[in-house]
Amino acid sequence: MAALSGSLAQISGLTIQDSMLIFLLPLFFLQSPTVAAPIGICYGRVADNLPRPSDVINLLTSNGISNVRVFNPVPLTLKSFSGTGINLIIGVPNEILPSLAAGSPTFSLEWLQSNIFYHIPTNQIRYLAVGNEVLSKDPYYSPFVVPAMINLYQALQTLNLANSVKLSSPQAASVLSASYPPSSGTFDPYIVSNIVPLLRFLNDTNSPFMVNVYPYLSYTSSSEYISLDYALFRSDKAVLQDGALAYGNLFDASIDAFIYAIEKEGFVGVPLVVTETGWPTSGGAEASVENALAYNENVVRRAQAGVGTPKRPGQGVAVFLFDLFDEDGKSGAEYERHFGIFGLDGSKIYDIRFN
Ligand SMILES: *[C@@H]1O[C@H](CO)[C@@H](O)[C@H](O)[C@H]1NC(C)=O
C-alpha cells in the first residue's frame, strides 16, 4: 500500500493527502491494466498473379508487419521468411491430418522436420494451425484433429519445442449454434463431441482457441437487424445490453460469444486468437475501400490499445487481418476475391497503419 501511494503521488507530481487517496485508489483499481496484443496479417496464396516472395517480404518489413499467417507449408514460401525476424502461424493442411493421426509421434516428427523445420528456423514459428475450419466446414477430418495434435505435441516435446511452438486449430463462427446475445454462445451440439477434446488439449497445453470471425458476414446476412455502424465500430454508444455487459460493436460480441461457449463446456480462461478477420473492398453489399479501412483500422487500434472485450476487459486479443492480397483463384461469391489490403504492386489499397 505504501509503495502504491508513493508511486501514485509521483505520477501526479503532487503531494496527495491521505484522504484523497481513499477516493483515488478505488478508481485506480477499477481501471483494468491493458495488455497490447500482436497484430498480424494472413498471406493467402490462392491466386496466380502474386508478387515474388522477396517483394512480399519487403512489403511486410517496410510496413512494420512482424506476424504472418501462412495457410500451407509451401517450402519456397517458408524459405522466403527465413531470417527475416517475422513470426509465423503455419497451417498444417486438413488433408494430412489422417496420416498424422494414424501415424506415430515419430512420423509426426519426421513430417515436421522435412515439411517445416527444414525450411524455416523454429524460433520464427509461434503456432502451428492444425487444420482450418475443420469442425464445421470440413467435418470429414474432425475425428483426426486432436489425435494429430497429440502426435505433433509429442514430436515437439522430443525437440524441446512444445513451449515455444504452440498448437491450435482455427474454427469458423459456424461452430456456434447460438451467438446472440453473446452470453447465449453455445457450440453446435453436433460438433460438441469433437470440440471438448480440442478444448481439453488447449487448456492442458496453455494454447489459445483460434477463431476466424467475419462481422461482415453476420452483417450482410442479417442487415435488417444489425446496423452498419455497429459492424464498423462507428457506434458511439452501447448497441446491445447483455446482462451487465454493454456492447458497442459486433466484433466484441462475436468474440465474447466464443468465450461464453467455451466456458459452458467447463473451460475457463482459455485465451482466444483471431486467426482471420477482415472486410472486402468490393464484390458485395457494403464492400468498399472506405468500409474495409474503417473496420480493419479499428481492429488494429483496439488490439494495440489492449482494450479487450466486455467479458475480458484489458486483455487484448491477437488478430490476424485477412488478407494481404486479393486472391483471384478463390471460388464462391465475388467478395471472397477482394479482401486484399495491398495491391499486387505492393501499394496499400487504403491507408492502414500497423505500428
Ligand atoms: C484447465 O487447466 C487448469 C490449469 O492447468 C486446470 O486447473 C483445470 O482443471 C483445467 N480445466 C479443465 C476443465 O480441465
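Above: the structure in question.
Below or above, wherever it landed, is the structure these notes cover. (Residues numbered from 1 in each chain as written. Predicted model: local features only at pLDDT ≥ 70, side-chain atom pairs only at ≥ 80, totals over all residues. Heavy atoms only, no water.)

**Thoughts on the pattern of salt bridges**
Consideration 1: Scanning the entire structure with this criterion turns up eleven salt bridges.
Consideration 2: Across the pair aspartate 55 and arginine 52 runs a salt bridge, and its minimum N-O distance is 3.3 Å.
Consideration 3: Salt-bridge contacts for glutamate 334 lead to arginine 337; the nearest nitrogen and oxygen are separated by 2.8 Å.
Consideration 4: The network of salt bridges with common partners includes Lys348, Asp351 and Arg353. (Salt bridge = Lys/Arg side-chain N within 4 Å of Asp/Glu carboxyl O.)

**Examining the environment of alanine 246**
Consideration 1: The topology assignment puts alanine 246 in strand β11 (residues 245-247).
Consideration 2: A relative accessible area of 35% means that alanine 246 is categorised as partly exposed.
Consideration 3: Residues alanine 246 and glycine 83, spaced 163 residues apart in sequence, show a C-alpha to C-alpha distance of 44 Å.
Consideration 4: In this view, alanine 246 contacts Ala238, Leu240, Gln241 and Pro310; residues no more than four positions away in its chain are not counted. (Helix = DSSP H or I, 4+ residues; strand = E, 2+ residues; numbered from the N terminus. Buried < 20%, exposed > 50% of the residue type's maximum accessible area, 1.4 Å probe, protein only. Contact = heavy atoms within 4.5 Å.)

**Comments concerning unusual backbone geometry**
Consideration 1: Put simply, tyrosine 180 and proline 181 share a cis peptide bond, and its omega is -10 degrees.
Consideration 2: Positionally, proline 181 belongs in the loop between β7 (176-178) and β8 (186-187).
Consideration 3: Look at phenylalanine 233: it is not a glycine, yet its phi comes out positive at around 65 degrees.
Consideration 4: By the secondary structure assignment, phenylalanine 233 is in the loop between α11 (228-231) and β10 (240-242).

**Quick word on helix α9 (residues 192-204)**
Consideration 1: Compared with the 18 Å implied by 1.5 Å per residue over 13 residues, the 18 Å span of α9 between its first and last C-alpha is a close match.
Consideration 2: For α9, the complete set of buried residues consists of Ile195, Val196, Leu198, Leu199, Phe201 and Leu202.
Consideration 3: Positive phi appears at asparagine 206, one or two residues downstream of α9, with a value of about 55 degrees. (Expected span 1.5 Å × (residues − 1).)

**Thoughts on the layout of surface pockets**
Consideration 1: The calculated volume of the second largest pocket comes to roughly 340 Å³.
Consideration 2: As for the second largest pocket, its lining consists of 23 residues, and the residues nearest its centre are Pro38, Leu272, Val273, Gly316 and Ala318.
Consideration 3: Counting only elements with at least two residues in the lining of the second largest pocket, the list comes to β3 (87-92), β4 (125-130), β12 (272-277) and β13 (318-321).
Consideration 4: Taken together, the residues of the lining of the second largest pocket sort by class into 15 nonpolar, six polar and two charged. (1 Å grid on protein atoms, 1.4 Å probe; cavity = no way out; pocket = protein on both sides within 12 Å on 5 of 7 lines; lining within 4 Å. Points joined across faces, edges and corners; volume = space filled by probe spheres on them. Nonpolar A, V, L, I, M, F, W, Y, C, P; charged D, E, K, R; others polar.)

**Details of the site of the ligand**
Consideration 1: For the ligand, the full set of nearby residues is Asn203, Gly266 and Phe267.
Consideration 2: Between the ligand and asparagine 203 there is a distance of 2.3 Å, counted from an oxygen atom to a side-chain nitrogen or oxygen.
Consideration 3: The fraction of the free accessible surface of the ligand (360 Å²) that becomes covered by protein chains is 34%. (Near = heavy atom within 4 Å. Polar contact = N/O pair within 3.5 Å; in protein donor to acceptor, adjacent residues only side chain to side chain. Areas by Shrake-Rupley, 256 points an atom, 1.4 Å probe, with all protein chains shown as cover.)

**Regarding the sheet that holds β12**
Consideration 1: One open sheet holds the nine strands; their spatial order is β5-β4-β3-β2-β1-β13-β12-β9-β6, and the pairing between them is parallel. The sheet is open, and its two borders are formed by β5 (166-168) and β6 (171-172), each paired with just one other strand.
Consideration 2: Relative to β12, strand β9 (residues 209-212) is paired through four bridges, and the arrangement is parallel. Each residue of the ladder has a partner; that of methionine 210, found in β12, is valine 273.
Consideration 3: Contacts between α9 and the sheet are confined to β5, β6 and β9, with β9 contributing the most and set at about 125 degrees to the helix.
Consideration 4: The sheet strands contacting helix α12 (residues 250-264) are β6, β9, β12 and β13, and the helix crosses β12 at an angle near 135 degrees. (Pairing = 2+ DSSP bridges. Axes fitted to C-alpha atoms, helices over the stretch in contact; angles between N-to-C directions.)

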